[in-house]
Amino acid sequence: MRTSAIIFSLALVVGSLASPVKLDLGDGVDYEVGYPLIAGQADNADGIDIVKRATTSTKMTSTQKTSSVKIISTAKASPIATKAATTSSKKVSSTLKTSSTVKSSSAAAAKATTYQQRVLVSHNVHRANHSASNLVWDNALASTAAQIASTCVYAHNTTTDGGGYGQNIAAGLAADNITAVITELFYNGEVSYFNGLYGQAQPDMSDFHNWGHFSQIVWKGTSKVGCATQYCPKGLANVGPYTPPHFTVCNYGPPGNYLGEFDVNVGKSLNRPTVHWNYGL
């Protein structure tokens, strides 16, 4: 059986890979997933570059977010920053017992056939499970994501086109598997790590690398998304030798993961039935 590696990270700096775990997409291929563990900011022991939100009130600090492609206004701080891509031996498979949502039979009736539709359906099914409104597609965010992905350098970039967005990135899965990136990696693989943190304005960020993609996906203050997946025939920099050279960037606006605002932006799971990569297809 062919083995491929999938890496995803919140990091600005990508490090070595270790102990990949398997992801079964039901296609006869064993994919390997690497989890971010090492901080990418040398000046912060927890690897989170904390930036104050530029408001007139005494808002708590925000995190410099670098998960998918997001847009921040000049009145907002850049999103949470950042981890190097080392890996843990956390299991991710189609048997994950996490609480993603199926709204109703009618919600799943319309088939998502385009990349844009698949990005939206995969985000919104999980957002509904946390009482967050649906995201809409944003062409500007998607265009910026495409520019970043086309560099074929696997790293966060939240400065292109002026910055101001949040960001999640992934490597190893082709565009037609974008639902697996969003559902299996960013959501199902992380949602359980947020248990016990709901309702906390400022949760312990020492475990942020395990749930930071999830929290951006369901962040109530985020209203739009734009993603792009680039195939890099000459190779994708900053990944292991067995990682297929597919680079996915998702940008979010307004960005999420602001310190001090998790209680009002990450809603408790409604415990709807778990869905997987094939939801809506």
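Everything numeric in this text was worked out from a predicted model, so none of it was measured.

### What to know about the overall build of the chain
Stage number 1. The number of helices and strands found in the chain is five helices and 11 strands.
Stage number 2. Buried residues in the chain amount to 57% of all 281 residues.
Stage number 3. For the chain, the proportion of contacts with a sequence separation of at least 24, taken over those separated by at least 6, is 79%.
Stage number 4. When the accessible area of the chain is evaluated, it comes to approximately 10900 Å², of which 52% is carbon and sulfur surface.

### With respect to the state of the cysteines
Stage number 1. All chains considered together, the criterion is met by two disulfides.
Stage number 2. Paired by a disulfide, Cys152 and Cys232 hold their sulfur atoms 2.1 Å apart. Taking the torsion about the sulfur-sulfur bond, which here is approximately -95 degrees, the covalent link between Cys152 and Cys232 counts as left-handed. Here Cys152, found in the loop between helix 2 (139-149) and strand 9 (166-171), pairs with Cys232, found in the loop between strand 10 (224-231) and strand 11 (246-253); they are 80 residues apart in sequence, far enough to count as distant.
Stage number 3. The side chain of Cys227 participates in a disulfide bridge whose partner is Cys250; the two sulfur atoms lie 2.0 Å from each other. Taking the torsion about the sulfur-sulfur bond, which here is approximately 110 degrees, the covalent link between Cys227 and Cys250 counts as right-handed. Linking Cys227 in strand 10 with Cys250 in strand 11, this pair joins segments that are 23 residues apart in sequence.
Stage number 4. Looking at Cys227, the relative accessible area reads 3%, which means it is buried.
Stage number 5. Shown here for the chain is a disulfide pattern of 1-3, 2-4, where each number marks a bonded cysteine counted in sequence order.

### Some thoughts on the packing of aromatic side chains
Stage number 1. Summed over all chains, the structure comprises eight aromatic pairs.
Stage number 2. Between Phe194 and Trp211 the ring centres are 4.9 Å apart and the planes differ by 75 degrees, which places this aromatic pair in the edge-to-face class. Taken as a pair, Phe194 in the loop between helix 3 (178-188) and helix 4 (208-218) and Trp211 in helix 4 lie far apart in primary sequence, 17 residues in all.
Stage number 3. On the basis of relative accessibility, which here comes to 0%, the residue Trp211 falls in the buried class.
Stage number 4. Taking 5.6 Å as the distance between ring centres and 55 degrees as the angle between the ring planes, the aromatic pair formed by Phe194 and Phe214 counts as tilted. Taken together, the residues Phe194 in the loop between helix 3 and helix 4 and Phe214 in helix 4 connect sequence positions 20 residues apart. Like Phe214, Phe194 is buried.
Stage number 5. Of the aromatic side chains, those joined through ring pairs into one cluster are Tyr187, Phe194, Tyr198, Phe208, Trp211, Phe214, Trp219 and Phe262.

### Section: the pattern of salt bridges
Stage number 1. What the rule picks out here adds up to one salt bridge.
Stage number 2. The partner of Asp138 in a salt bridge is Lys224, and the shortest N-O contact between them spans 3.8 Å. Here the residue Asp138 occupies a position in the loop between strand 8 (136-137) and helix 2, and Lys224 occupies one in strand 10, the gap between them amounting to 86 residues.
Stage number 3. Looking at Asp138, the relative accessible area reads 16%, which means it is buried.

### Concerning the packing of helix 1 (residues 115-128) against helix 3
Stage number 1. Running from N to C, helix 1 and helix 3 point in directions that differ by 20 degrees, and their axes come no closer than 8 Å. Comparing their axes, helix 3 and helix 1 come out roughly parallel. Every pair of crossing elements has a handedness; the one defined by helix 1 and helix 3 is right-handed. Here helix 1 contributes Tyr115, Arg118, Val119, Ser122, His123 and His126 to the contact with helix 3, which in turn contributes Ile178, Thr179, Ile182, Thr183, Tyr187 and Asn188.

### Observations concerning the environment of Val225
Stage number 1. Along the chain, the position of Val225 falls in strand 10.
Stage number 2. Note on Val225: relative accessible area 0%, which makes it buried.
Stage number 3. The sequence separation of Val225 and Asn139 amounts to 86 residues, and the corresponding C-alpha distance is 8.5 Å.
Stage number 4. Those residues in contact with Val225 that lie beyond four places of it in its chain are Val119, Leu120, His123, Leu135, Val136, Trp137, Asp138, Leu141, Asn251 and Tyr252.

### A few points about the pairing of strand 10
Stage number 1. Looking at chain direction, strand 8 and strand 10 are connected through two bridges and run parallel. Residue pairing for strand 10: Trp137 is matched across the bridge by Val225.
Stage number 2. Both strand 10 and strand 11 contribute to a ladder of eight bridges, which runs antiparallel. Opposite Thr229, over in strand 11, you have Thr248 as the bridge partner.

Thresholds applied
Residues numbered from 1 in each chain as written. Predicted model: local features only at pLDDT ≥ 70, side-chain atom pairs only at ≥ 80, totals over all residues. Heavy atoms only, no water. Helix = DSSP H or I, 4+ residues; strand = E, 2+ residues; numbered from the N terminus. Buried < 20%, exposed > 50% of the residue type's maximum accessible area, 1.4 Å probe, protein only. Contact = heavy atoms within 4.5 Å. Areas by Shrake-Rupley, 256 points an atom, 1.4 Å probe, with all protein chains shown as cover. Disulfide = S-S within 2.5 Å. Phe/Tyr/Trp six-rings, centres within 6.5 Å; stacked < 30°, edge-to-face > 60°. Salt bridge = Lys/Arg side-chain N within 4 Å of Asp/Glu carboxyl O. Axes fitted to C-alpha atoms, helices over the stretch in contact; angles between N-to-C directions. Parallel < 35°, antiparallel > 145°, perpendicular 65-115°, else oblique. Left-handed = near helix turned anticlockwise from the far one by under 90°. Pairing = 2+ DSSP bridges.

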